[in-house]
Amino acid sequence: MWWFLGTEIMFFGGMFCAYLIYRLKYFPEFAAASRSLDLTIGTLNTAVLICSSLTVAQAVRAAQMGKRML
């Protein structure tokens, strides 16, 4: 478990560092790209991801409790 957590921290830490470096180095490009994003599509995408995560969490909990819907 600790090995997995360590690799995840290194992987995502590297990704966030790379993002930060590129954002600082190419700030005007990031600003221009952010103006072309659609807030409605981003909100819909976030809602779908949250609902799907909730559904999976509820399914795991139901399986742990032995509740099975036929």
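Caption draft 1: Quick look at the overall build of the protein chain. What the protein chain contains, in helices and strands, is 3 helices and 0 strands. Ordered by position in the sequence, the α and β elements of the protein chain form the string α-α-α. Taking 2.2 N^0.38 as the reference for a compact globule, 70 residues should give roughly 11 Å; the C-alpha atoms of the protein chain span a radius of gyration of 19 Å, well beyond that estimate. Its C-alpha atoms put the protein chain at 55 × 40 × 10 Å along the principal axes. Looking at the protein chain as a whole, 0% of its 70 residues are labelled buried. A total of about 6900 Å² of accessible surface is found on the protein chain, and carbon and sulfur atoms cover 74% of it.

Caption draft 2: Spotlight on the packing of aromatic side chains. For the structure on display, the rule yields 3 aromatic pairs. Ring centres of Y19 and F30 lie 5.7 Å apart, and the angle between their planes is 85°; this geometry places the pair in the edge-to-face category. Taken together, the positions of Y19 in helix α1 (residues 2-25) and F30 in helix α2 (residues 27-35) put the pair 11 residues apart, joining distant regions of the chain. Assessed through its relative accessible area of 28%, F30 is described here as partly exposed. Measuring from centroid to centroid gives 5.9 Å for Y22 and Y26, while their planes differ by 15°, and the two rings are stacked. The exposure class assigned to Y22 is partly exposed, which follows from its relative accessible area of 48%.

Caption draft 3: Just the environment of F30, in detail. Along the chain, F30 and T7 lie 23 residues apart, while their C-alpha atoms are 29 Å from each other. If we skip the residues at most four places from it in the chain, F30 touches Y19, Y22 and R23.

Thresholds, definitions, all that
Residues numbered from 1 in each chain as written. Predicted model: local features only at pLDDT ≥ 70, side-chain atom pairs only at ≥ 80, totals over all residues. Heavy atoms only, no water. Helix = DSSP H or I, 4+ residues; strand = E, 2+ residues; numbered from the N terminus. Rg over C-alpha atoms; globule rule 2.2 N^0.38 Å. Buried < 20%, exposed > 50% of the residue type's maximum accessible area, 1.4 Å probe, protein only. Areas by Shrake-Rupley, 256 points an atom, 1.4 Å probe, with all protein chains shown as cover. Phe/Tyr/Trp six-rings, centres within 6.5 Å; stacked < 30°, edge-to-face > 60°. Contact = heavy atoms within 4.5 Å.

Keep in mind that these numbers describe shape and distance, not what the molecule does.
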